[in-house]
Amino acid sequence: MPPGLGIFVLLMIANRAKTENHQNISQDLPPQLQKTVEDIVAGKYLNAFLDVLHFQSINIWTTDMLNKIMAYFHAQNIVITYSSLQVSIRNYLESLLYRPKALLSEFRQMDRQHFQTAMKYLFESEQVYLELGNIVLDLAGIREKIFWSPGGNRTLFLITLERCFLTLNSVECVDILSQLLQASSMTYLQLRTIAKLPQDLQGDAFRNLSMVFKDLYDRMTANARRALYEWMTQILQKSYNASESENSTSWVSAENLWILGRYMVHLPLEEIRNINSNEMRLFISYDNATKQLDTVYDITPSLAQAFLERINASGFDMRNMSTLHRLGLLVCFYDDLEQMDAVVARVLLHQMIKCSQLRGFQAGIHKLKSRLLDIATQNQTLNNTLGSLSDAVVGLTASQLDSLSPEAVHNAISTLNQVSGWARSQLVILASKYLAYEKAFSFHNISQMGALVTGISAESFHSMSPKELSQVVRGTLAQHASDLSPAQQQGILRKMVASADLVSVIADIQGPFFAEVSLFDLYKEGFNSSVVKDKELRPSQALFLYELLSRKTPPFDLLSIVQLVKGVTCRHIESMSTISFLNVFKVFEKNLHLLSPYQISCLAWKFWLLSNVSIPPYLLSVLPSEHLESVRGSLCIPFVTSLGKVELDRLILNEHKKKTVLQRVQECLNGSLVDEYDIDLLGNLICHLPAALICDGISLETLVTALHQFRLCRQLSHEQKLEIKHRLIEIYGSPRNWTAETTQDSGPFIGLLPKAELSVLVEKFPDTILKIASKTTGPIPPTEDLLLAQFESVRNSIRAPDESTDCTEVSEPTLDEIIKLSEANVFWSVPELGCMNPETFAKTVELLGSVGGFRAPQLTALKEKAKQAWGPLPDWKSYHVVSLGRIATVLNETEIGELDLSSVDTVAALSQQMEWDPLQARSILQGFLEDSGQTVDTLRSFELAGLGAILCSLNFTEIAAINPLEFSTVVARIGSLLCSVSVLKEFKKKAESVFGAVAGWNRAVLQEIGTISAGLNEGELKALDKELMPYFQPVAIKCLPDEMFKKFSPEQIAHLGPENAAVVTETQRQQLNDSQLQSLHLALDGARTTIQDAPLGESTATPTYTPALSGSPFSYSFSFWACALFTFCAAS
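It should be emphasised that the depicted structure is a prediction, and the values quoted were computed from it without experimental measurement.

Colleague: Can you tell me about the overall build of the protein, naming the residues and giving the values?
Modeller: A tally of regular secondary structure across the protein gives 71 helices and two strands. For the protein, with 1132 residues in total, the buried portion stands at 55%.

Colleague: I'd like to hear about unusual backbone geometry, residue by residue, with values.
Modeller: Despite not being glycine, Q339 has its phi angle at roughly 55°, a positive value. Tracing the chain through its elements places Q339 in the loop between helix 19 (321-326) and helix 20 (342-351). Of note, S822 is a non-glycine position whose phi angle comes to about 50°, a positive value. On the secondary structure map, S822 appears in the loop between helix 50 (815-821) and helix 51 (830-834).

Colleague: Report on the confidence of the model for the protein, specifying residues and quantitative values.
Modeller: Here the protein shows a mean pLDDT of 86. Residues at 70 or above account for 90%. Every residue in residues 1-26 scores below 50 in pLDDT, and together they form 62 contacts with partners more than four places removed in sequence or on other chains. Here residues 1091-1132 scores under 50 on pLDDT; set against residues more than four positions off or in separate chains, the count is 94 contacts.

Colleague: Got a sec to walk through the packing of helix 39 (residues 636-643) against helix 41 (residues 655-668)? Specific residues and values, please.
Modeller: Between helix 39 and helix 41, the least distance of the axes is 9 Å, while the angle of their chain directions is 125°. As far as their axial angle goes, helix 41 and helix 39 are oblique. Helix 39 and helix 41 meet at a crossing whose hand is left-handed. Contacts between helix 39 and helix 41 involve C636, F639, V640 and L643 from the first element and V661, R664, V665 and C668 from the second.

Colleague: Can you lay out the environment of L770 for me, pointing to particular residues and giving the numbers?
Modeller: As for its placement among the helices and strands, L770 is situated in helix 48 (residues 766-773). We classify L770 as buried; its relative accessible area is 17%. L770 sits 21 residues away from F791 along the chain, and the two C-alpha atoms are 9.4 Å apart. What L770 contacts, discounting residues up to four positions off in sequence, is Q790, V794 and K820.

Colleague: Give a detailed account of the packing of aromatic side chains, specifying residues and quantitative values.
Modeller: Inspection of the entire model under this criterion finds 22 aromatic pairs. Seen from their ring centres, F206 and W231 are 5.6 Å apart, and the 55° between their planes marks the pair as tilted. With F206 in helix 12 (residues 203-215) and W231 in helix 13 (residues 222-242), the pair connects residues that are 25 residues apart, well separated along the chain. Here the two residues F206 and W231 agree in accessibility, since each one is buried. Here a set of aromatic residues connected by ring pairs shows up, and it is made of F206, F213 and W231. When the ring centre of F581 is taken as reference, the NZ or CZ atom of K606 above it lies at 5.9 Å.

Colleague: Tell me about the pattern of salt bridges, and name the residues and values.
Modeller: Inspection of the entire model under this criterion finds 43 salt bridges. Residues K658 and D649 are paired through a salt bridge, measuring 2.5 Å at the closest nitrogen-oxygen approach. Taking relative accessible area as the criterion, K658 reaches 8% and is therefore assigned buried. Owing to a relative accessible area of 41%, D649 belongs among the partly exposed residues under this scheme. One continuous salt-bridge network, built from bridges that share partners, spans E629, R632, R664 and E667.

Colleague: For the packing of helix 44 (residues 703-710) against helix 45 (residues 718-732), give the residues involved together with the corresponding values.
Modeller: Orientation of helix 44 relative to helix 45, taken along the N-to-C sense of each, is 140°, at an axis distance of 11 Å. When the axis of helix 44 is compared with that of helix 45, the two are oblique. The hand of the helix 44/helix 45 crossing is left-handed. On helix 45, the residues touching L703, V704, L707 and F710 of helix 44 are I724, R727, L728, I731 and Y732. For the contact of helix 44 with helix 45, a count of residues per class yields eight nonpolar, no polar and one charged.

Colleague: Please give an account of the side chain of T193 that cites residues and values.
Modeller: When you line up the elements, T193 lands in helix 11 (residues 191-194). Reaching out from T193, the side chain makes a polar contact with the backbone oxygen of Q190 at a distance of 2.8 Å. In contact with T193, other than residues within four places in its own chain, are F157, L158, L161 and Y188.

Colleague: Help me get a handle on the state of the cysteines, residues and values and all.
Modeller: What we call a disulfide is simply a covalent bond connecting the sulfur atoms of a pair of cysteines. Summed over the entire model, instances satisfying the criterion amount to six disulfides. The partner cysteine of C164 in its disulfide is C173, sulfur to sulfur 2.1 Å. Residues C164 and C173 are joined through a disulfide that is left-handed, its torsion about the S-S bond being -95°. Comparing C164 with C173, the two get one shared label, buried. Across the disulfide, C636 is cross-linked to C668 (sulfur-sulfur distance 2.0 Å). Between C636 and C668, the S-S dihedral sits near -80°, and the bridge is therefore left-handed. On the criterion of sequence distance, the pair formed by C636 in helix 39 and C668 in helix 41 is long-range, its members being 32 residues apart. Accessibility classification places C636 together with C668 in one group, the buried group. Free cysteine C1039: the closest other cysteine sulfur is in C979, separated by 8.8 Å. Residue class for C1039 comes out buried when judged on its relative accessible area of 18%.

Colleague: Any chance you could break down helix 16 (residues 277-285) for me, citing the residues and the numbers?
Modeller: When helix 16 is considered as a whole, its buried residues turn out to be M280, F283 and I284. All buried residues of helix 16 project into a common sector of 95° when viewed along the axis, lining one side. On its buried face, helix 16 is in contact with helix 14 (254-260), helix 17 (289-293), helix 18 (301-313) and helix 19.

Colleague: Account for the environment of A691, naming residues and giving values.
Modeller: On the secondary structure map, A691 appears in helix 43 (residues 691-696). Spatially, the C-alpha atom of A691 lies 10.0 Å from that of L716, the residues being 25 residues apart in sequence. Sequence-distant contacts of A691, defined by excluding residues within four places in its chain, comprise E719, Q720 and E723.

Parameters and conventions
- Residue positions are given per chain, counting from 1 as you read along its sequence in written order.
- In keeping with the model being predicted, local features are shown solely for residues with a pLDDT of at least 70 and side-chain atom pairs are shown and tallied solely at 80 or more, while totals for entire chains, interfaces and linings include all residues.
- Side-chain figures throughout are based on the complete set of non-hydrogen atoms in the structure, without hydrogens or water.
- Runs of E in the DSSP output that reach at least two residues are strands. Runs of H or I that reach at least four are helices, and both are numbered from the N terminus.
- Under the scheme applied here, a residue whose accessible area is under 20% of the maximum for its type counts as buried, over 50% as exposed, and between as partly exposed, the area being computed with a 1.4 Å probe on protein chains only.
- Values of pLDDT, ranging from 0 to 100, describe the predictor's confidence in every residue of the model.
- We call two residues in contact when some of their heavy atoms are within 4.5 Å.
- Fitted lines through C-alpha atoms give the axes, limited to the stretch in contact for helices. The angle between two N-to-C directions lies from 0 to 180 degrees.
- Roughly parallel means an angle under 35 degrees; roughly antiparallel means over 145; roughly perpendicular covers 65 to 115; every other angle is labelled oblique.
- The hand of a helix crossing depends on one turn: near helix anticlockwise from the far one by less than a right angle means left-handed, and clockwise means right-handed.
- Centre distance within 6.5 Å is the pairing criterion for rings of Phe, Tyr and Trp, where only the six-membered ring of Trp is used; planes under 30 degrees apart are then read as stacked, over 60 as edge-to-face, and the remainder as tilted.
- Charge-over-ring contacts are defined here by two conditions on Lys NZ or Arg CZ: a distance within 6 Å of the ring centre and an angle within 35 degrees of the ring normal.
- Salt bridges are defined by distance alone: a side-chain nitrogen of Lys or Arg within 4 Å of a carboxyl oxygen of Asp or Glu.
- Residues are grouped as follows: Ala, Val, Leu, Ile, Met, Phe, Trp, Tyr, Cys and Pro are nonpolar; Asp, Glu, Lys and Arg are charged; every other residue, Gly included, is polar.
- Pairs of N or O atoms are called polar contacts if they sit within 3.5 Å, as long as, within protein, a hydrogen donor faces a hydrogen acceptor (for residues adjacent in sequence, only side-chain-to-side-chain pairs).
- Put simply, a disulfide is two cysteine sulfurs that come within 2.5 Å.
- Of all possible arcs, the one meant is that of the directions from the helix axis to the C-beta atoms.

Okay, structure coming up:
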């Protein structure tokens, strides 16, 4: 009998035993095993399993015992076969893993002993295997499958709340809850489940559970935090009332504050003001008080002020250094600045470096730092005090930083290198000052710079010695490489490559630097797989390297470098033997996010050809739609489960096919979500639910959990948002009656509310709305109504209009307002922006330049303000131009010509903007060439990289003049540009000077050149091998002119792959004939193209495939599929 299946003999027996008239249990069986047989006969299979576990924990199991059980059933004429055993196993596991509500019912019906045994083996036992004679049970595997099955963890959580505290030791139950909550999504902690927490928990059990909730604070909803705070305070108050002290006026003792931890921010103001002075003094004196106060990230100014007042009233000297060090995040709201001396101000500034961790209130903190900065520098120069100002230096304007001496920056470097939040222009100034003092670009000097290293110019990096650069890349730059511009990255890499062989250079570089290595460079070197270990690869690099390295290294060993999965082609997959494929499949399943839709389609077809009954269910969605017909009955739940664990948008790009898949999902769920178990089952699929199902298919009791999951979606349709808004009001009622917690939990969805109701929320909870409106990521970016409500709230809460002559009846934007408003600054009128104080503009230019919604007249007003602040354009320095952001896009050609564009770093900053018209772009290009004294043929690779989109303004003669060697190293970056087709045609000619004629291009080259491939002519397109079609970048397909796209043959179009087929534009589609359209449909649907028959076996060795980590799409039942597939292959 195979290991791990022994206990299921009992379960299989039960299927037959229930139908037999059984006799009295044999007296030869021990009493405990008699109970086992009784449970089997009664259909209590789980109890039978637990009986065996309990028996073997106190007895030695022998083979004879199982024989006695078997003999008993054989006496009842019960026949056991291998096939019936297999069926029993499958049915049992599906029942256990895919019906968590049935498991919950089983737990509820257990007697005390069975429940204790179950909890012991699920949570306390470290036993991995259970040995019953020659039978071995995988207990750890069973535990893991239950823990990570959708709904399994929820079942264990609910039954623990219901029964554990009544049955087991409370400390043990707290440990069990901790394990479950750590592994959960925290949606379990809702008001009705928190209400089930024991109300009489005391001692270590209460403290331990409180500690668990403190650790999970950030993962909870605001309503859950409030409910847990109330649960904790009820127990603490009950304990206080039982031992009330005459000397105490409040239950909030020092110990209770410590137990509350981060939940102390929920204390009412009145409670804080009533805290006994002795208790407050004792609390602040705790060694861990500072650590606790350092974590109250969501404390409000009013609560912080109340705590500061009580600390002050408790006898602490609030200007004593020791006291200030103990205040944690409370220092962010320190307001006693009268007659403060410079030393105390500097100490406070040093402590305030942590204030960036606060959730909101940054405008007030900025204001406080500014006031402390003035005190700290009183009667002293900025040069003398720079090193003692902590991160308040971020608030200095560019002109203030520019006035610093190089020596001052050098002396303060140990402070400056710890500061975060620098603007790009500030980094440029400080790096320049520091290196001006050092005079030499050495590893030692640069290693002292921290984040300031990103302000070093590309030219300076390129001028360093290769040896020093090599050390810098492994050191300081390893932490900040992603913050470097393309010009800087290329400048570093090209200098290193020019002085040594590429293999040794690659050994030194980390992170994004390897992605800068060109395909042309890789062609010139020989590699082994260890060289590219732990490197991030572009698809073109991976395609080349996998093809090269696979000649000597087997796939299983090669794919231990997971980035190489990007380079596995369909032909590689097809040519794998069954054994090889099973051995490497776990690598693919754990790295689906690295695979293209085309690669996933290839995996699906490979599996289908090997065994259509054992294909992982989620892969069925990738195959043509008719394959979904097999998703019925028992396959439904595994299909939904596995599909819910992957990103559907990565699998299916065709909207029609996606609707078909989702329709099958709805059918599997009977068209509704009746409880939270259905939400668990859906996983990521909830983001794709049709609006109609959101409207009337989600039960009211499930809605809170569903809304929480909707907040995690990357994108929602307009129709989905409207229905979510309606359901939001259905569950919480009118927004006019919402609490602060409900408003916070509703998050970005509040932007969907009508403006009138939004205004009510803004008035009631301005700080909460401010935090929500400032978040630009998520399924619902801040709506215009939300931003306008935010703008009006901030504007109405500040002050009256300016009285100056030029701005009568117009209120100028203040520093505080601009910082608070973020994207809502878009609502400033042109006259208001024109009335802004030039100093305010200088302090906020980077923020204003990042506002995406400003229109041209507003940007023009800001441009004119820049001239007021900085003087005539010829006087502007590089850091001025760098700081402008979108404001620069309204500079006309004449104004651009007046700028100093001699630095490629300045041009690189300008090229990041996407709104240049052709004349502006041409002016930037000419300005750079003239100011730097160069011509196109002398441009180096890092300068080409820095020019970016400005290269689209090159004419045909200039493109022809580009040095082919320099071009070859940045061709991938140029291939990301959306230039005109005429320009792309010229770049294509330049690409031929590097990679040869188009006829000789392979997959890697086509992937490397990106949009440049849209410049191929009719003959070149027609001659392309069909197998190259999936390796066009999708953006290149979109760039192909309509009249050129129709030149592809039907066979070529059929081989586009699902991703490229999905980006075909409507105008391209209109040019196609019926045959081509049919081919396009096949590509969209995932139809099989030319797949050669791979050998089904090349070895009799057992595959080493095991299910992937517990979060994988098919970790629950793939052991069956692997087993079945291997049986199938062996039989073949």
